[in-house]
Amino acid sequence: MYTQALNEKPPSDTAISAAKARPEDAAKLARFQAIIDAEEKIEPNDWMPDGYRRTLQRQISQHAHSEIIGMQPEGNWLTRAPSLKRKAALLAKIQDEAGHGHYLYSAAETLGISREQYYEQLLSGRAKYSSIFNYPTLTWADMGAVGWLVDGAAIMNQIPLCRCSYGPYARAMIRVCKEESFHQRQGFEIMLTLCRGTPAQKAMAQDALDRFWWPVLMMFGPSDKDSMHSADSAKWKIKRFSNDELREKFIDATVPQGKFLGLTFPDPHLTFNDTTGHWEHGPIDWSEFKRVLAGDGPCNRQRLRNRRTSEADGTWVREAALAYAEKRRQRLAAAKVAAE
Ligand SMILES: [Fe+2]
Ligand SMILES: [Fe+2]
């Protein structure tokens, strides 16, 4: 899924001023910015300022971690899907998320940090991932709400990333976005089925919306006035819209869908402003966001514990694959010698 604009101090300011201190780097910096301003792509072997590299290492790996951790809340319902058709669609979606994680780790590796190092950052708890995946999925309706809202928010965030200045990230995003749009539709369709079902099914859909609405709005990150690292990301064309702009786009797209479902949003302040043409929302509880991000959400510990267990359980598979690859390499080398 899901990159999240997290409120961290950017490393770039010092990197840029250091670069400016050396005339040859100033020339490289000017060339680098000219490529970006011309809407061309920066590729792995191109020169780039340290701040740009570090920002992308952090953002792409957080995005990859989110895809992988994001498999857990939905994996929770695989064995209890209400029909074979629902199970097949959910299974396909979760497998897509694994694929997204792998494209993104591959893109992040081109920035000079290995996949194993990124894994280690996640497993040690040092790396962040999207706060939304630390909430539990309590009912089947949550599979609808997650697809409709979480993947819907991810699409808003990720469509502009298809034009990100870093080539490997932008190209990965194009495929990811196509799949996310399938995820969003299958989630909405689950909600629609429940809302057209019995009163109990509709109540289940309403409850899922009530629980997920505010955490989903938090996925876009802190408000622009509290966000510390938008300026460099905007200049480098990593981020094309601010957190608040993306949140507004998402709300504008989603509220009519919720009304079509016959559901209500858990926000008494949600009103349409005729002058601006946008929906306006009530205050977001940022203390909850900070708490969840700091590790104290309802499921943070469970998510990391599961990931660590999976990593440990998979050790023998990785060892066997490496041993097989080595045996194959030796066999091919021996066959080549015999043929000469
Ligand atoms: Fe995804
Ligand atoms: Fe998705």
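Everything below is about the structure shown above.
Thresholds, definitions, all that
- Residues numbered from 1 in each chain as written.
- Chains lettered and ligands numbered in written order.
- Predicted model: local features only at pLDDT ≥ 70, side-chain atom pairs only at ≥ 80, totals over all residues.
- Heavy atoms only, no water.
- 1 Å grid on protein atoms, 1.4 Å probe; cavity = no way out; pocket = protein on both sides within 12 Å on 5 of 7 lines; lining within 4 Å.
- Points joined across faces, edges and corners; volume = space filled by probe spheres on them.
- Nonpolar A, V, L, I, M, F, W, Y, C, P; charged D, E, K, R; others polar.
- Donors = N, O, S within 2.8 Å, 3.2 Å for Na, K, Ca; no water.
- Tetrahedral: all angles 85-135°; square planar, octahedral: opposite > 155°, others 65-115°.
- Helix = DSSP H or I, 4+ residues; strand = E, 2+ residues; numbered from the N terminus.
- Salt bridge = Lys/Arg side-chain N within 4 Å of Asp/Glu carboxyl O.
- Buried < 20%, exposed > 50% of the residue type's maximum accessible area, 1.4 Å probe, protein only.
- Core = buried A, V, L, I, M, F, W, Y, C linked by side-chain atoms within 4.5 Å.
- Contact = heavy atoms within 4.5 Å.
- Arc of directions from axis to C-beta.
- Axes fitted to C-alpha atoms, helices over the stretch in contact; angles between N-to-C directions.
- Left-handed = near helix turned anticlockwise from the far one by under 90°.
- Phe/Tyr/Trp six-rings, centres within 6.5 Å; stacked < 30°, edge-to-face > 60°.
- Lys NZ or Arg CZ within 6 Å of the ring centre and 35° of its normal.

1. Focus: empty space enclosed by the protein
Thought 1: In the structure shown here, the tally under the stated rule is 2 cavities of 30 Å³ or more.
Thought 2: The computed volume of the second largest cavity comes to approximately 40 Å³.
Thought 3: Lining the second largest cavity are P73, I132, F133, Y135, T137, V146, V150 and F212.
Thought 4: Taken together, the residues of the lining of the second largest cavity sort by class into 7 nonpolar, 1 polar and no charged.

2. Some details on the coordination of the iron ion (ligand 2)
Thought 1: In the first shell of the iron ion (ligand 2), the protein supplies E97 (OE), D151 (OD), E180 (OE) and H183 (ND1), at 1.9 to 2.2 Å from the metal.
Thought 2: Taken together, the 4 donor atoms surrounding the iron ion (ligand 2) define angles of 89 to 156° at the centre, an arrangement classified as irregular.
Thought 3: In the primary sequence, the donor residues of the iron ion (ligand 2) line up as E-x53-D-x28-E-x2-H.
Thought 4: Between the two metal centres, the iron ion (ligand 2) and the iron ion (ligand 1), the spacing is 3.4 Å, with E97 acting as a shared donor.

3. Describing the layout of surface pockets
Thought 1: Size it by volume and the largest pocket reaches roughly 290 Å³.
Thought 2: Forming the walls of the largest pocket are I68, M71, A98, H102, Y105, R115, E116, Y119, R307, S310, E311 and R318.
Thought 3: For the lining of the largest pocket, the secondary-structure elements that each account for two or more residues are helix 5 (84–109), helix 6 (115–123) and helix 13 (300–313).
Thought 4: Per-class residue counts for the lining of the largest pocket are 5 nonpolar, 2 polar and 5 charged.

4. Concerning the pattern of salt bridges
Thought 1: Within this structure, the stated rule accounts for 19 salt bridges.
Thought 2: Measuring nitrogen to oxygen at the nearest pair gives 3.0 Å for the salt bridge that ties R211 to D207. Of this pair, R211 and D207 both sit in helix 9 (residues 199–218), 4 residues apart, which is roughly one turn of that helix.
Thought 3: The class for R211 is partly exposed, based on a relative accessible area of 25%.

5. With respect to the environment of L91
Thought 1: Structurally, L91 is set in helix 5.
Thought 2: On the basis of relative accessible area, L91 is assigned to the partly exposed category, the value being 38%.
Thought 3: Each C-alpha atom, one on L91 and one on A81, is 9.8 Å from the other, the two residues being 10 residues apart in sequence.

6. A short note on the nonpolar core
A general tendency of soluble globular proteins is for nonpolar side chains to be buried together.
Thought 1: In this structure, Y52 and Y166 are the most contacted members of the largest nonpolar core, which totals 80 residues.
Thought 2: Broken down by element, the residue count for this core peaks at 11 residues, all from helix 8 (residues 167–195).
Thought 3: In this structure, Y166 is in contact with I42, E43, P44, M48, Y52, L56, I60, A107, T110 and L111, ignoring residues within four places of it in sequence.

7. Digging into helix 12 (residues 286–296)
Thought 1: Looking at helix 12, one finds that the buried residues are W286, E288, F289, V292 and L293. Here the buried residues of helix 12 occupy an arc of 155° about the axis, which is enough to place them on one side. Summarising the geometry of helix 12, the exposed residues directed more than 90 degrees from the buried face are K290 and A294.
Thought 2: Looking at the buried residues of helix 12, the elements they touch are helix 9, helix 11 (243–261) and helix 13.

8. A look at the packing of helix 7 (residues 141–158) against helix 9
Any two packed helices are characterised by the angle at which their axes cross and by the distance between the axes.
Thought 1: Interaxial distance between helix 7 and helix 9 falls to 9 Å at its minimum, and their mutual angle equals 30°. Every pair of crossing elements has a handedness; the one defined by helix 7 and helix 9 is right-handed. Here A141, D142, A145, V146, W148, L149, V150 and A153 of helix 7 come into contact with helix 9, specifically with M204, A205, A208, L209, R211, F212, W213 and V216.
Thought 2: In terms of residue class, the contact of helix 7 with helix 9 is made up of 14 nonpolar, no polar and 2 charged.

9. Quick look at the packing of aromatic side chains
Thought 1: All told, the structure shown has 11 aromatic pairs when counted by the stated rule.
Thought 2: On the numbers, 6.0 Å between centres and 25° between planes, the contact of W213 with F250 is stacked. With W213 in helix 9 and F250 in helix 11, this pair connects stretches of sequence that are 37 residues apart.
Thought 3: Residue F250 is classed as buried on the basis of its relative accessible area, which comes to 1%.
Thought 4: Put simply, the rings of F32, W47, Y52, Y166 and W236 pair up and form one aromatic cluster.
Thought 5: Here the guanidinium or amino end of R80 rests over the ring plane of W77, the centre of that ring lying 3.9 Å away.
Thought 6: We note K249 situated over the ring of F241; from NZ or CZ to the ring centre the distance is 4.4 Å.

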